[in-house]
Amino acid sequence: MLSHITEVVPLRVPVPLAATQGTLALDLLPRREPPVAPVVPIALGRRRGAEEWARRFAQAIVEIVGGDRPSTQVLRWTTRDVFADLDRRAVLVARAGGHVPGQGRVQPVRPRVISVHTCFLHDAVFESSIHVRYGERSRAVAARFEARGPRWVCTALDWS
């Protein structure tokens, strides 16, 4: 019955490619200039001190999570939220391993901080990316430190 219709209507109409597309409005053109971050001038001694502090702090927290140290050892150098998360992680790892957190050497392989990279956002704020090795396995930890009086305090901690 419909044999007399000969015109074929395309189902998809070609749409010209735009620089920005889709609901997320992503710019698909390549960036020509690298992003510029403001340079925060930090005295070399302060920078080295902060990096060493981040390294010692990182070693302590991985030992806390593994059960080798009590979490109270870093209470003065963490915010309430960071301390609560660290303590919760230590308890969960202890339950999984069948030991009591912070009661001494329980890890078969001691975790080692391999590297620490810091970035100062302000004279009183820096962030660190930390590479930790557990035997043949590795983890990354990100930490944010803020100066509170004469000491650095960890205000954020992220494990991956």
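Caption draft 1: Just the environment of Gly97, in detail. On the secondary structure map, Gly97 appears in helix α2 (residues 80-97). Residues Gly97 and Gly66, 31 residues apart in the sequence, show an inter-C-alpha distance of 9.3 Å.

Caption draft 2: View of the sheet that holds strand β3 (residues 112-122). In space, the 4 strands of this open sheet follow the order β3-β4-β5-β6, with antiparallel pairing throughout. Each having just a single partner strand, β3 and β6 (151-159) make up the two edges of the open sheet. With direction set aside, neighbouring strand axes in the sheet form an average angle of 25°. Where β3 meets strand β4 (residues 125-134), 9 bridges bridge the pair, whose relative direction is antiparallel.

Caption draft 3: Here's a closer look at the packing of aromatic side chains. Inspection of every chain in the model, using the stated rule, returns 7 aromatic pairs. Pairing Trp53 with Trp77 gives two aromatic rings, centres 5.9 Å apart and planes at 55°, and the pair type is tilted. Of this pair, Trp53 sits in helix α1 (residues 44-66) while Trp77 sits in the loop between α1 and α2, and the two are 24 residues apart along the sequence. The buried category is assigned to Trp53, whose relative accessible area is 14%. Each ring, one from Phe126 and one from Trp152, has its centre 4.7 Å from the other, and the planes form 85°; the classification is edge-to-face. With Phe126 in strand β4 and Trp152 in strand β6, the pair connects residues that are 26 residues apart, well separated along the chain. With respect to class, Phe126 is no different from Trp152; both count as buried. Taken together, Trp53, Phe57, Trp77, Phe120, Phe126, Phe145 and Trp152 form an aromatic cluster joined through their ring pairs.

Caption draft 4: Quick look at the environment of Trp152. For Trp152, a relative accessible area of 11% gives the class buried. Each C-alpha atom of the pair Trp152 and Val125 lies 8.7 Å from the other, and the pair is 27 residues apart in sequence. When near neighbours in sequence (up to four residues on either side) are disregarded, Trp152 contacts Arg46, Ala50, Trp53, Trp77, Phe120, Asp123, Ala124, Val125, Phe126, Phe145, Glu146 and Ala147.

Conventions used here
- Residues numbered from 1 in each chain as written.
- Predicted model: local features only at pLDDT ≥ 70, side-chain atom pairs only at ≥ 80, totals over all residues.
- Heavy atoms only, no water.
- Helix = DSSP H or I, 4+ residues; strand = E, 2+ residues; numbered from the N terminus.
- Pairing = 2+ DSSP bridges.
- Axes fitted to C-alpha atoms, helices over the stretch in contact; angles between N-to-C directions.
- Phe/Tyr/Trp six-rings, centres within 6.5 Å; stacked < 30°, edge-to-face > 60°.
- Buried < 20%, exposed > 50% of the residue type's maximum accessible area, 1.4 Å probe, protein only.
- Contact = heavy atoms within 4.5 Å.

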